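# Observations on chain architecture
Listed here are the chains, written in short residue letters.
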Amino acid sequence: MAEHSSEVDQSEHVDLLVIGWGKGGKTLAGTMARAGKRVAVVERSDAMIGGSCINIACIPTKILVHDAENKRESDDVAEYFAKAVKRRDTLTGAMRKKNLSMLDDLDSVLLVSGRAEFTGEREVRVTGGTDTMTITADTVVVNTGSVANIPPIDGAKLGGRIHDSESLQHVTPFPKRLVIVGGGYIGLEFGSMFTHFGSQVTVLDHGPRPLANEDDDVAEVVAAALADDGITIINNVSVTAVSDGADAATVSYEIDGETTTIDAEAVLLAVGRKPATTDLGLDKAGIETNERGFITVDEHLRASAEGVYAFGDVNGGPMFTYISLDDNRILADQLLGEGQRSTRDRGSVPYTMFLTPPVARVGLSEKDAREQGYEIKVGAKAMADIAAAPRAKIEGDPRGIVKFVVDGATDLILGAALVHVHSQEVINTVALAMRHDVTATELRDTIYTHPSATEALNEVLGVVK
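The present account deals with the structure reproduced in this document. (Residues numbered from 1 in each chain as written. Predicted model: local features only at pLDDT ≥ 70, side-chain atom pairs only at ≥ 80, totals over all residues. Heavy atoms only, no water.)

## Concerning the environment of Val308
Take Val308: it is sitting in strand β18 (residues 308-310). Residue class for Val308 comes out buried when judged on its relative accessible area of 2%. Sequence separation of Val308 and Ile287 is 21 residues, and the distance between their C-alpha atoms is 8.0 Å. Each residue touching Val308, except ones within four places of it in the same chain, is listed here: Arg122, Val140, Val142, Ile287, Leu301, Arg302 and Ala303. (Helix = DSSP H or I, 4+ residues; strand = E, 2+ residues; numbered from the N terminus. Buried < 20%, exposed > 50% of the residue type's maximum accessible area, 1.4 Å probe, protein only. Contact = heavy atoms within 4.5 Å.)

## Remarks on the pattern of salt bridges
Applying the stated criterion to the full structure yields 29 salt bridges. Between Glu117 and Arg125 there is a salt bridge, with the nearest N and O atoms lying 3.6 Å from each other. Close ionic contact of Glu459 with Lys381 constitutes a salt bridge, the shortest N to O distance being 2.6 Å. Separated by 78 residues along the polypeptide, Glu459 in helix α12 (residues 456-460) and Lys381 in strand β21 (residues 376-382) bring together distant segments of the chain. (Salt bridge = Lys/Arg side-chain N within 4 Å of Asp/Glu carboxyl O.)

## A short note on the nonpolar core
Nonpolar side chains tend to gather and get buried jointly when the protein is soluble and globular. In terms of nonpolar packing, the biggest core is built from 34 residues, with Leu168, Leu178, Ile180, Met193, Phe194 and Phe197 touching the most fellow members. In terms of residue count, helix α5 (residues 185-197) provides more of this core than any other element does, 5 residues in total. Beyond its immediate sequence surroundings of up to four residues, Leu168 is in contact with Phe81, His163, Leu178, Phe190, Phe194, Ala266 and Leu268. Counting residues in hydrophobic clusters, the runner-up holds 28 residues, among them Ile427, Ala440, Ala453 and Val464. (Core = buried A, V, L, I, M, F, W, Y, C linked by side-chain atoms within 4.5 Å.)

## Description of helix α4 (residues 77-104)
Three- or four-residue spacings in an α-helix give side chains the same orientation, since the helix completes a turn every 3.6 residues. Between its terminal C-alpha atoms α4 stretches 40 Å, which fits the 40 Å expected from 28 residues at 1.5 Å a residue. Along α4, the residues classified as buried are Tyr80, Phe81, Ala84, Val85, Arg88, Thr92, Asn99, Leu103 and Asp104. With a side-chain oxygen lying 3.3 Å from the backbone nitrogen of Ala78, the N-terminal cap of α4 falls on Asp76. (Expected span 1.5 Å × (residues − 1). Polar contact = N/O pair within 3.5 Å; in protein donor to acceptor, adjacent residues only side chain to side chain.)

## Focus on the environment of Thr429
Mapped onto the secondary structure, Thr429 falls in helix α10 (residues 423-435). For the pair Thr429 and Leu443, spaced 14 residues apart in sequence, the C-alpha to C-alpha distance is 9.2 Å. Those residues within four positions of Thr429 in sequence are excluded, and the remaining contacts are Leu443 and Leu457.

## Digging into the packing of helix α1 (residues 23-34) against helix α7 (residues 321-336)
Close contact between α1 and α7 brings their axes to 7 Å; oriented N to C, the two are set at 35°. The way α1 lies across α7 gives a crossing that is right-handed. Between α1 and α7, the contacting residues are Lys23, Gly24, Thr27, Leu28, Thr31 and Met32 on the first element and Thr321, Ser324, Leu325, Asn328, Leu331, Ala332, Leu335 and Leu336 on the second. Looking at the contact of α1 with α7 residue by residue, the classes come out as 7 nonpolar, 6 polar and 1 charged. (Axes fitted to C-alpha atoms, helices over the stretch in contact; angles between N-to-C directions. Left-handed = near helix turned anticlockwise from the far one by under 90°. Nonpolar A, V, L, I, M, F, W, Y, C, P; charged D, E, K, R; others polar.)

## Focus: the side chain of Thr454
Mapped onto the secondary structure, Thr454 falls in the loop between α11 (440-444) and α12. Among the residues examined, Thr454 registers a relative accessible area of 18% and is labelled buried. In contact with Thr454, not counting residues within four places along its chain, are Val426 and Tyr448.

## Looking at the packing of aromatic side chains
Under the defined criterion, the tally for this structure stands at 12 aromatic pairs. Between the aromatic rings of Phe174 and Phe194, the centroid separation amounts to 5.8 Å while the plane-to-plane angle is 15°, which identifies the pairing as stacked. Of this pair, Phe174 sits in the loop between β9 (162-163) and β10 (177-181) while Phe194 sits in helix α5, and the two are 20 residues apart along the sequence. For the residue pair Phe174 and Phe194, the accessibility class agrees, reading buried in each case. Note on Tyr185 and Phe320: the rings are 6.3 Å apart at their centroids and 50° apart in plane angle, and the pair reads as tilted. One end of the pair, Tyr185, is in helix α5; the other, Phe320, is in the loop between β18 and α7, and 135 residues separate them in sequence. A residue is classified by how much of its surface remains accessible, and Tyr185, at 32% relative accessible area, is partly exposed. Phe320 gets classed as buried once you look at its relative accessible area, which sits at 18%. Put simply, the rings of Tyr80, Phe81, Phe174, Phe190, Phe194 and Phe197 touch in pairs and so form one group of aromatic residues. (Phe/Tyr/Trp six-rings, centres within 6.5 Å; stacked < 30°, edge-to-face > 60°.)

## Some thoughts on the pairing of strand β6 (residues 123-128)
Summarising the sheet, strand β5 (residues 115-120) and β6 pair through 5 bridges and their orientation is antiparallel. By the bridge assignment, Glu117 is partnered in β6 with Arg125. With antiparallel pairing between neighbouring strands as the criterion, β5 and β6 make up a hairpin whose turn holds 2 residues, including Arg122 at a positive phi of roughly 50°. As judged from the 6 bridges shared by β6 and strand β7 (residues 131-142), these two strands associate in the antiparallel manner. The residue bridging Val126 from the neighbouring strand is Met133, located in β7. Hairpin geometry of β6 and β7 is characterised by an intervening segment of 2 residues between the two adjacent antiparallel strands and by a positive phi of about 65° at Gly129. (Pairing = 2+ DSSP bridges.)

This is a description of form; function is not addressed.
Put into structure tokens, the structure is as follows:
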């Protein structure tokens, strides 16, 4: 069983020190320990054992999304939300316990509770309560993740009715009206979630339209689905102030040169994430960051300091737990393998926004492909019009679009946007095909199970031109 620090002013030297319990770091810690290496893992909060994904991000939010989508009109809103939150907390608690046991059962792992701060090269001081521990290591992984970015808006301070994406998951009382500042990935996902629970949702977006990185036809389908579910999105907005009053929170914003206000029982600040690095003492270890505070790394995830690496959100790469997991594979290959794997090997990384229906994307949009000089062919079809894929109709939500961008010279898939029921699953098939140079024709003519959402590939890839 792993050791747990408890003595005052201890000193330890380990082969690998991981700061933070995120996906990549905890996985590498287990791999190295099973390979006979001495490992230390430092985490400042017991509530974050296992990392952001299972505690405040991917898993808990998708539990809430699922339960929101399954709410019936007859369900009492407040009671139903409270039950969903309880289910969220129960599952995340069980996953946290399981994650702890995965390392706690390894004899060569030292688990340390407290705040880590670099005091020199590959040396950290960990403080927790009255205890202090100094840990030195041959290799250090900074795996501290990210936190909500609080915008420089007058009155934008968390507390009361003003929330980030973490605190809103436990909001009480349930807000009849919710205003979301920011129309990006987090803002739209929470907007979709809360409107299905029963909130009247307004999204204030600085940009000219939702999903700025998608083609117009895809973005229009998503915007229509959100509007159909009751979400109001106001674009080209500049939010100027947020205040929490006796009866409601008020958001002030400018649009077309005029100032307007809107009241709500809750306000979500969803304007991106920033690295959790402010009190790590990176400068004392010679670890450089970019202008946004993210640790700069090379294709092997090496930081500027010898023997120091950065995993996951904190290195400024795509903020997905599966990217952090792949970070672990890269360093495991460096430490235990042939040292060949790098971030350059990552082709065709998919992602999903868990709206209703979900929005999944991989590769280039039509606009990006044309700008990069490809001679392309495009196939797109509304999900409701795809006769060969009845799954969405069976489940009662045929909204969405399936769109492919294909290289006219090679017949290879350059990108895809899938907006439909189960698109989060289908996109993985498309990404795998892209990584292994499976042509659009081969993907079109593959046999898929029926009735499934994947069958849409048979039909849509048949209209590529």
